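Given next are the chains, with one letter for each unit.
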Amino acid sequence: PYQQGFRLLHSEAKALEILCQVLSPAPGEHERVTATTTLVRQIDTVRRILGTQFAPIPHICDLARRVGVSESKLKRAFKEHFGVTVFEYGLECRMRHALELLQGKAMSICQVAENVGYQHQTSFTAAFRDHFGFLPSEARIRRAGIAG
């Protein structure tokens, strides 16, 4: 319906309109991306807490409250994103830290147990053995064997 220069201007405007429709997210898509980004940040914060706070052992309800998400959503998203449960990841972090303490510092097994959130050395020893396949008392020997 337009003549001369206006025809070209109209065509360009229509092309830009189509391009905007193709490139813009669908209705509600932006909110979904923002929600996903926020959730990833929240579960990453939980991962960092589990990797640095060993005693007292963080409870999942406290972690969920701290990052502002429900327990069930946290459990589901954490497992989906990292491939392990919150509990499994926390246990892995505590056991690795315990192994480092046993191999690197002159701490008693009782001190290490307390340091990674166990009230009783026997519970720690059983968990350590189940996790690594050897006793905490053998950790120093194994390191000495590797170093020597």
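Residues numbered from 1 in each chain as written. Predicted model: local features only at pLDDT ≥ 70, side-chain atom pairs only at ≥ 80, totals over all residues. Heavy atoms only, no water.

**A short note on the pattern of salt bridges**
In step 1: Counted according to the given criterion, the structure contains six salt bridges.
In step 2: With its nearest N and O atoms 3.3 Å apart, the salt bridge here joins Asp 44 to Arg 48. In this pair, Asp 44 and Arg 48 are both assigned in helix H2 (residues 29-52), four residues apart and thus about one turn of the helix distant.
In step 3: Residue class for Asp 44 comes out partly exposed when judged on its relative accessible area of 23%. (Salt bridge = Lys/Arg side-chain N within 4 Å of Asp/Glu carboxyl O. Helix = DSSP H or I, 4+ residues; strand = E, 2+ residues; numbered from the N terminus. Buried < 20%, exposed > 50% of the residue type's maximum accessible area, 1.4 Å probe, protein only.)

**Quick word on helix H5 (residues 86-104)**
In step 1: An ideal rise of 1.5 Å per residue puts 27 Å on 19 residues; H5 measures up with 27 Å between its terminal C-alpha atoms.
In step 2: Considered for burial, the residues of H5 that qualify are Val 86, Gly 90, Cys 93, Arg 94, Met 95, His 97, Ala 98, Leu 99, Leu 101 and Leu 102. (Expected span 1.5 Å × (residues − 1).)

**A short note on the nonpolar core**
In step 1: Ranked by internal contacts, the top residues of the largest apolar core, which has 19 residues, are Met 95, Leu 102, Val 112, Tyr 118, Phe 124 and Phe 128.
In step 2: Sorting the residues of this core by element identifies H5, helix H6 (109-115) and helix H7 (121-132) as the ones contributing at least two each.
In step 3: Residues Leu 39, Ile 43, Ala 64 and Val 69 belong to the second largest nonpolar core, which totals 13 residues. (Core = buried A, V, L, I, M, F, W, Y, C linked by side-chain atoms within 4.5 Å.)

**Considerations on the packing of aromatic side chains**
In step 1: In the structure shown here, the tally under the stated rule is eight aromatic pairs.
In step 2: Taking the centre distance of 4.8 Å and the plane angle of 50 degrees together, the rings of Phe 128 and Phe 132 count as tilted. Taken as a pair, Phe 128 and Phe 132 lie in helix H7 at a separation of four residues, close to a single helical turn.
In step 3: You can call Phe 128 buried: its relative accessible area is 0%. (Phe/Tyr/Trp six-rings, centres within 6.5 Å; stacked < 30°, edge-to-face > 60°.)

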